[in-house]
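Below are the chains, spelled out letter by letter.
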Amino acid sequence: MAPVMPLTMMSEGRMSKIISINAGRCLMERLRSMGFVENTLLKIKNCNMGSIVVDVNGSSYALGKGMATKIMVQEC
């Protein structure tokens, strides 16, 4: 079984599954409205200095590193 780690630790092109989101109520609701919920698969498209671009349920989102560190994932 692959280890659980923050989204920021994943490499580009990798598929992962969301295990949990460690955020406050406001950010949690915002992420859920974009489709970031437990057991959802996502793919990291691009990772640069300030943000991470991910595909979730057929949509692409750019997340800041601070937000991405709160999303715990496991590589598939």
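Just above sits the structure.
For clarity, every value in this text was computed on a predicted model and none was experimentally measured.

Caption draft 1: Layout of the overall build of the protein. When you go through the protein residue by residue, the secondary structure sums to 2 helices and 6 strands. Expected size for 76 residues packed as a compact globule is a radius of gyration near 11 Å; at 11 Å, the protein falls within 12% of this value. For the protein, the C-alpha atoms occupy an extent of roughly 30 × 30 × 20 Å along the three principal directions. For the protein, the residues scored as buried account for 34% of the 76 residues in total. In the protein, 59% of the contacts between residues at least 6 apart in sequence involve partners at least 24 apart.

Caption draft 2: Looking closely at the sheet that holds strand β4 (residues 51-56). Here we have 6 strands laid out as an open sheet, ordered β1-β6-β2-β3-β4-β5, and antiparallel in their pairing. Two strands in the sheet have a free side with no partner beyond their single neighbour: β1 (4-6) and β5 (59-64). Neighbouring strand axes in the sheet, compared pairwise and without regard to direction, differ in orientation by 45 degrees on average. As defined by bridge partners, strand β3 (residues 41-47) adjoins β4 across 5 bridges and the pair is classed as antiparallel. The residue of β4 that forms the bridge with Leu42 is Val56.

Reading the values: the criteria
- Residues numbered from 1 in each chain as written.
- Predicted model: local features only at pLDDT ≥ 70, side-chain atom pairs only at ≥ 80, totals over all residues.
- Heavy atoms only, no water.
- Helix = DSSP H or I, 4+ residues; strand = E, 2+ residues; numbered from the N terminus.
- Rg over C-alpha atoms; globule rule 2.2 N^0.38 Å.
- Buried < 20%, exposed > 50% of the residue type's maximum accessible area, 1.4 Å probe, protein only.
- Contact = heavy atoms within 4.5 Å.
- Pairing = 2+ DSSP bridges.
- Axes fitted to C-alpha atoms, helices over the stretch in contact; angles between N-to-C directions.

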